[in-house]
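Here's the letter readout for the chains.
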Amino acid sequence: MNRRVVITGIGISTAHGTGKDINWERTQAGVSGIKNITSFDASGYMAGQGGEIKGFKKTFFNNLRDKRLDRATHLLVHTAREALLESGIVDIIKDKPALLSLGTTLGGMLSGELFHRETIAKGLNRARLSLLNDYLAYNQAVNLMREFNFAGDFMIFSNACASGSNAIGHALNSIRSGCCDIAVCGGYDTMCEFTFAGFNSLMALSPSLCRPFDRNRDGLALGEGAGILVLEEAGHAIGRGAKILGEAAGYGEASDAYHMTAPEPSGRSAALAITRAWNDAGKPVIDYINAHGTGTKYNDTMETNAIVSALGERAGDIPVSSTKSMVGHILGGAGAVEAVISLLAIRHKTVPPTLNYENPDPGCGLNIVKQAVGHNIKTVLSNSFGFGGSNAAVILKEYV
Amino acid sequence: MSEMVISGTGAVTPVGIGNEQLWDHVKNGVKGVRKTKRFPTLNEIPCAEITDMDFLESIVDRRMRRSADISKYASAAADLAIKDSGNGPFSGTDTALIMGITHGALNYTQAFHASLIKEGIDAASPLHFSDSVLNAPAGNASICHGVRGPAHTILGGAETAVKAIILACMMLESGCVGKAVVVCAEELNELSASCYLRMGVAGLSEGAGAIVVEKRGTQGFPSHHCRISGASSMCYPSAPETASAEVITRCLAKANLKARDISLIMTDCEIPAGLSLDGMPAASITHLTGNAFAASALWQVILSSLMIKNDTIPGTVIRNGGAIPDRIRHIMVFTSGVQGNAAAVVLTRE
């Protein structure tokens, strides 16, 4: 069984704001959402900036009680609501079992941090256990299911920065294989000091500006956010008269088996993930690549090698951009947020820009797009690579 | 799923390490749960610890010497399962590694965060951070064994073990890989043990389990333990009882079995009423091994696989008065949680 899978709803929350309209407006305008960190004191770190969602405190709930819910649940539910409402599927998933496939690296780490601080300050037996209600990652999935009276099953991927793309790929494969007709998929992560300090300890944060593929790039900027897509079997979506936003056409994955934090320099496994996705999609012409593009020395060189290795001579002509330069690296949410941006790029026939790209790196000989440019985009390749050597690629297409 | 088999198992448990020792110790009712003083700030508490760390040091990749315990357990269990399957190599792009995790490397997570809070930014160790990420055990195991196919970490409670098996079977059915190593792992942690004690949960455990899942006949391998004839997983947060009943019904349907065909149910949970499972013998090894969440559920799968292979149900694991059949045909491993998540898998003798 190999069924076509279409996208009928999208939701996005990033440092650009919440909602697809504001996100697209600021993305195509090349606005930076990277600002001074305000959710904790970042003054002692090598970098003091990141992509926080400044105006977002909490969402509203119909069925959940918001007491003690982590920011991750608020972000996830808020973003999912946008996607579910657009898809018109809120009432359907109450009765028809659907898959919830999510990626995250942190789950409710903000709650975990708070609890741990209390144990240090007050002792093991004095910290509030209620802070742990929403710490583990699957709590957010269950919360989402509770809020929307969602019945079915969930799968939570935590494959570092590839998690969101893995979640989309699993949803695609589950629908194709007939396991379900509807899958709500994507990823999310919040800004927290634990992760910030971790990337700081690895010397991976940019002390200046995040400059993907630039010769002078010196690190990444962290971000927070969520991206959600509603995937459906094409016949199911057409049958209920849903508006189809695009097609999930291909997915590929592979592992480096090389190093916990460093990518394999030749990019051979990343290239394999891209090749598998491209083959899976029926070897289409790629019109735009939304790169993983973290802005670290190692990643961007490796990703260039992988793209060239997988796509051959044409690789140098395909427009490439990294939207992480605008909203930061959302870790487990990155692949999903970038899939949503890729879909918006198809809809608006515009390649988003890469901010701060000024000095081309001879080791990154790709067609990096500096400013938004109109382009007849029909097919997008979105890459995600992560710690532990996780590599994933997703191909999204215009639905015809 | 009818073509999927378990061709190798590996267990790193407080009761025994490796199939043989686990089987012998379970048969003899050896208990891994003991009062421990491992955690200096807690009083003596009942926990099940891995004490034979020398064994782990000797078999894992040298690069893993400073890894978190959970990564060591995971890699060691995978190593045992791979050797048991006797159907190498597992390096390369044709093998998937699926890791089920409930809490992850809590000791390194706690150490990293504690040093950040108490000693400042510069004291936070990059090693603690990189090995605290939830996919570190899978990343380390894939590095150790050269697995270049998909390496996934999936999160959840005990049901995650069954979900990992389902994901492995999906990958094998789609043809994207030829073999899959399913691993679940957990490590003991002072903070976690203290929290669970306050919630009334004692007897936490640590270790890992691993199974090799393959498509029958594709590799021409000589033998396997059992067939995976059905599996199902669901989550109904608003109706946990419905989830449990439905997951068992679906699992039986996938296996093309009736409830009366099941020889034994391995579970720590209440078996839902009304499914013709009343009086069925129920068993568990958790009272011996302790509770390591997803890893415990995979230990139940591993012991079931060994029971089918040896055609014996050790009396030490029986939980009720159900009549033990003369011959084991099908064992169901079932798990459910208060949040409405439930999963079941049926293992079948060929």
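Residues numbered from 1 in each chain as written. Chains lettered and ligands numbered in written order. Predicted model: local features only at pLDDT ≥ 70, side-chain atom pairs only at ≥ 80, totals over all residues.

**Quick word on the overall build of chain B**
Along its length, chain B carries 11 helices and 13 strands. Taking 350 residues into account, the globule formula puts the C-alpha radius of gyration at 20 Å, and chain B, at 19 Å, falls close to it. Seen through its C-alpha atoms, chain B measures out along the principal axes to roughly 60 × 45 × 40 Å. Relative to its 350 residues, chain B shows a buried fraction of 62%. (Helix = DSSP H or I, 4+ residues; strand = E, 2+ residues; numbered from the N terminus. Rg over C-alpha atoms; globule rule 2.2 N^0.38 Å. Buried ≥ 20, exposed ≤ 12 C-beta atoms within 10 Å, placed from the backbone.)

**Let's talk about the overall build of chain A**
Check the secondary structure of chain A and you find 12 helices and 16 strands. Computed over C-alpha atoms, the radius of gyration of chain A comes to 20 Å, within 12% of the 21 Å expected from 2.2 N^0.38 for 400 residues, which places it in the range of a compact globule. Once the C-alpha set of chain A is aligned to its principal axes, its extents read approximately 60 × 55 × 40 Å. When burial is assessed residue by residue, chain A has 68% of its 400 residues classed as buried. Sequence separation of at least 24 residues holds for 81% of the intrachain contacts in chain A that already meet a minimum separation of 6. (Contact = placed C-beta atoms within 7 Å.)

**So, the nonpolar core**
Counting 260 residues, the largest nonpolar core has Leu229(A), Ala77(B), Ile165(B), Ala168(B), Val183(B) and Val213(B) as its most contacted members. If one sorts the elements of this core by residue count, helix 11 (residues 294-310) of chain B sits on top with 11 residues. Non-local contacts of Leu229(A), meaning those with residues more than four positions away in its chain, are made with Ile7(A), Ile10(A), Ala83(A), Ile168(A), Cys185(A), Gly186(A), Ala336(A), Ala339(A) and Val340(A). Counting residues in hydrophobic clusters, the runner-up holds 6 residues, among them Val33(B), Ala48(B), Ala193(B) and Leu204(B). (Core = buried A, V, L, I, M, F, W, Y, C linked by C-beta atoms within 7 Å.)

**Comments concerning the packing of helix 1 (residues 20-28) of chain A against helix 12 (residues 334-348) of chain A**
Each packed pair of helices is defined by two parameters, the angle between the axes and the distance between the axes. Residue and element names in this part refer to chain A. For the pair helix 1 and helix 12, interaxial distance at closest approach is 11 Å and the crossing angle is 75°. The angle between the axes of helix 1 and helix 12 places the two elements in the roughly perpendicular class. On helix 12, the residues touching Lys20, Trp24, Thr27 and Gln28 of helix 1 are Val340, Ile341, Leu344 and His348. A class-by-class count of the residues in the contact of helix 1 with helix 12 yields 4 nonpolar, 3 polar and 1 charged. (Axes fitted to C-alpha atoms, helices over the stretch in contact; angles between N-to-C directions. Parallel < 35°, antiparallel > 145°, perpendicular 65-115°, else oblique. Nonpolar A, V, L, I, M, F, W, Y, C, P; charged D, E, K, R; others polar.)

**Some thoughts on the pairing of strand 13 (residues 341-348) of chain B**
Residues and elements named next belong to chain B. Most of strand 13 is tucked away: 8 of the 8 residues are buried. Burial along strand 13 is two-sided: Asn341, Ala343, Val345 and Leu347 facing one way and Ala342, Ala344, Val346 and Thr348 facing the other are all buried. Where strand 9 (residues 226-235) meets strand 13, 8 bridges bridge the pair, whose relative direction is antiparallel. Residue pairing for strand 13: Met234 is matched across the bridge by Ala342. The turn joining strand 12 (residues 330-336) and strand 13, which pair antiparallel and follow one another in sequence, is formed by 4 residues; a positive phi near 95° is taken by Gly340. (Pairing = 2+ DSSP bridges.)

**Some points on the packing of helix 9 (residues 268-280) of chain A against helix 10 (residues 297-311) of chain A**
All names here are of chain A. Remark: helix 9 packs on helix 10, axes separated minimally by 8 Å, with the N-to-C direction vectors making an angle of 45°. Taken together, helix 9 and helix 10 sit at an angle that is classed as oblique. Crossing angle aside, the handedness with which helix 9 passes helix 10 is right-handed. Residues Arg268, Ala270, Ala271, Ile274, Thr275 and Trp278 of helix 9 lie in contact with helix 10, whose contacting residues are Met302, Glu303, Ala306, Ile307, Ser309 and Ala310. Of the residues in the contact of helix 9 with helix 10, the class split is 8 nonpolar, 2 polar and 2 charged. (Left-handed = near helix turned anticlockwise from the far one by under 90°.)

**Comments concerning the pairing of strand 1 (residues 5-14) of chain A**
Residues and elements named next belong to chain A. The element strand 1 is largely enclosed, with a buried count of 10 among its 10 residues. Bridge count between strand 1 and strand 8 (residues 225-233): 8 bridges; the pairing is antiparallel. The residue bridging Val5 from the neighbouring strand is Glu233, located in strand 8. In this sheet, strand 9 (residues 246-255) lies alongside strand 1 in antiparallel orientation, the contact comprising 2 bridges. Residue pairing for strand 9: Val6 is matched across the bridge by Glu247. Of the pairings in the sheet, the one linking strand 1 to strand 2 (residues 17-18) comprises 2 bridges and is antiparallel in character. The residue bridging Ser13 from the neighbouring strand is Thr18, located in strand 2. Linkage of strand 1 to strand 2, two consecutive antiparallel strands, is achieved through a turn of 2 residues.

**Some details on the interface of chain B and chain A**
Each side of the interface is counted separately: chain B has 52 residues, and chain A has 50 residues. Among the elements of the structure, helix 4 (106-119), helix 5 (126-132), helix 6 (136-145), strand 5 (151-155), helix 7 (160-174), helix 8 (190-198) and strand 9 of chain B are those that each provide at least two residues to the side of chain B that touches chain A. The element best represented in the side of chain B that touches chain A is helix 4 of chain B, accounting for 7 residues. Looking at side-chain class alone, the side of chain B that touches chain A contains 26 nonpolar, 21 polar and 5 charged residues. Bridge analysis of strand 6 (residues 152-157) of chain A against strand 5 of chain B gives 2 bridges, and the strand direction is antiparallel.

**Section: the sheet that holds strand 7 (residues 204-205) of chain B**
Each strand in a sheet pairs with its neighbour through backbone hydrogen bonds, running either in the same direction (parallel) or in the opposite one (antiparallel). Spatially, the 3 strands line up as an open sheet ordered 2-3-7 (chain B), and their pairing is mixed. Sheet topology places strand 2 (33-36) and strand 7 of chain B at the edges, where each strand pairs with a single neighbour.

**Comments concerning the confidence of the model for chain B**
All names here are of chain B. Taken over all residues, the pLDDT of chain B has a mean of 92, while the share at 70 or more is 97%. Mean pLDDT across the elements of chain B bottoms out in helix 2 (residues 53-59) (73) and peaks in strand 5 (98). Overall fold confidence (pTM) sits at 0.98, and the ipTM for the predicted complex is 0.97. (pLDDT = per-residue confidence, 0-100.)

**Some remarks on the domain arrangement of chain B**
Many analyses report the size of an interface as the accessible area lost when the parts associate. All names here are of chain B. Here chain B is described as being made up of domain 1 (4-215) and domain 2 (226-348). Placing a centre on the C-alpha atoms of domain 1 and another on those of domain 2 gives a separation of 22 Å. Between domain 1 and domain 2, the residue contacts involve 45 residues of the former and 33 residues of the latter. Contributions of two or more residues to the side of domain 1 that touches domain 2 are made by strand 1 (4-12), helix 1 (19-27), strand 3 (45-48), strand 4 (95-101), helix 7, strand 6 (179-186), strand 7 and strand 8 (207-215). Examining the composition of the side of domain 1 that touches domain 2, we find that 7 residues originate from one element, helix 7, more than from any other. Among the residues making up the side of domain 1 that touches domain 2, the classes are represented as 25 nonpolar, 14 polar and 6 charged. (Domains from an automatic or database assignment.)

**Regarding helix 7 (residues 193-201) of chain A**
Across the 9 residues of helix 7 of chain A, 9 count as buried, placing the element largely inside the fold. Of all the residues in helix 7 of chain A, the buried ones are Glu193(A), Phe194(A), Thr195(A), Phe196(A), Ala197(A), Gly198(A), Phe199(A), Asn200(A) and Ser201(A). On the buried face of helix 7 of chain A, the contacting elements are helix 4 (109-122) of chain A together with helix 4 and helix 5 of chain B. Remark: Met203(A) follows helix 7 of chain A within two positions and exhibits a positive phi of approximately 60°.

**Here's the deal with unusual backbone geometry**
For residues that are not glycine, phi is negative in most cases, and the peptide bond is trans in most cases. All names here are of chain A. Not every positive phi belongs to a glycine, and Met203 is a case in point at roughly 60°. Note on placement: Met203 falls in the loop between helix 7 and strand 8. Overall, Met203 belongs to the exposed group, with 12 C-beta atoms counted inside 10 Å.

**Let's talk about helix 12 of chain A**
All names here are of chain A. The end-to-end C-alpha distance of helix 12 is 21 Å, a good match for the 21 Å that 15 residues give at a rise of 1.5 Å each. Most of helix 12 is tucked away, with 13 of its 15 residues classed as buried. Directly after helix 12, the chain includes Lys349, whose backbone phi takes a positive value near 50°. (Expected span 1.5 Å × (residues − 1).)

**Quick notes on the environment of Val162(B)**
Residues and elements named next belong to chain B. Following the sequence through the fold, Val162 ends up in helix 7. The class of Val162 is buried, set by 29 C-beta atoms lying within 10 Å. On a C-alpha basis, the gap between Val162 and Ala344 in space is 6.6 Å, while along the polypeptide they are 182 residues apart. Leave out the neighbours within four places in its chain, and Val162 touches Ala231, Ser233, Ala297, Thr335, Ala343, Ala344 and Val345.

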